[in-house]
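Spelled out, the chains give:
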Amino acid sequence: MDLNELRRRALRIHDLYDELNLRERGRVWTREEFMIGFVGDVGDLAKIVMAQEGARDMPGGRAALEHELADCLWSVLILAHRYGVDLDAAFLRTMDELDQSITARVGRDAGSG
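The number of helices and strands found in the protein chain is four helices and zero strands. Taken from the N to the C terminus, the helices and strands of the protein chain come in the order α-α-α-α. Against the 2.2 N^0.38 benchmark of 13 Å for 113 residues, the protein chain shows a C-alpha radius of gyration of 19 Å, more extended than a compact globule. The principal-axis extents of the C-alpha atoms in the protein chain amount to approximately 65 × 40 × 30 Å. Within the protein chain, the proportion of its 113 residues that are buried is 19%. For the protein chain, the accessible surface area stands at approximately 8300 Å², while carbon and sulfur atoms represent 57% of it. Across the protein chain, 15 positive and 21 negative side-chain charges occur, with their mean positions spaced 3 Å apart.

Below is the structure:
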């Protein structure tokens, strides 16, 4: 599955949540509420990673890790959509910037050794 397919699936779930929230609460989530949900997912992911590394006890194991990573990816895809960010272009641009920056530092550090 490529990023476009993941994005389409994420938007389908987003639309279902909107429908459910309209029915149950009379409104949809704001961008800020999606961000707060994402922060909660990242917190849950941090706890699961700690459990995976033996720093805490938590049920769920590998399945919980996979689920929370997928939740976080969903949130990133939805936030990019809600803010009109071309995630493909932003990712490639950011990776290019990091590549150049790290490569320059590695080259500089190799010359000083």
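Right, let's get into the nonpolar core. The biggest cluster of nonpolar side chains holds 12 residues, and these are Ala 10, Phe 34, Phe 38, Leu 45, Ile 48, Ala 64, Leu 65, Cys 72, Trp 74, Leu 77, Ile 78 and Leu 79. For this core, the secondary-structure elements that each account for two or more residues are α2 (31–52) and α3 (61–82). Ranked by residues supplied to this core, first place goes to α3 with seven residues. Setting aside its immediate chain neighbours within four residues, Ile 78 contacts Ala 10, Leu 11, His 14 and Phe 34.

What follows covers the pattern of salt bridges. A side chain of one charge can pair with a side chain of the opposite charge if their charged atoms are brought near each other. Tallied over the full model, the rule gives five salt bridges. A salt bridge links Arg 27 to Glu 33; the nearest nitrogen and oxygen atoms lie 2.6 Å apart. In this structure Arg 27 comes out as partly exposed when scored by relative accessible area, which is 41%.

Definitions and cut-offs
Residues numbered from 1 in each chain as written. Predicted model: local features only at pLDDT ≥ 70, side-chain atom pairs only at ≥ 80, totals over all residues. Heavy atoms only, no water. Helix = DSSP H or I, 4+ residues; strand = E, 2+ residues; numbered from the N terminus. Rg over C-alpha atoms; globule rule 2.2 N^0.38 Å. Buried < 20%, exposed > 50% of the residue type's maximum accessible area, 1.4 Å probe, protein only. Areas by Shrake-Rupley, 256 points an atom, 1.4 Å probe, with all protein chains shown as cover. Lys, Arg positive; Asp, Glu negative; His and termini not counted. Charge placed at Lys NZ, Arg CZ, Asp CG, Glu CD. Core = buried A, V, L, I, M, F, W, Y, C linked by side-chain atoms within 4.5 Å. Contact = heavy atoms within 4.5 Å. Salt bridge = Lys/Arg side-chain N within 4 Å of Asp/Glu carboxyl O.

Fair warning: the whole summary comes from geometry, so function is off the table for now.
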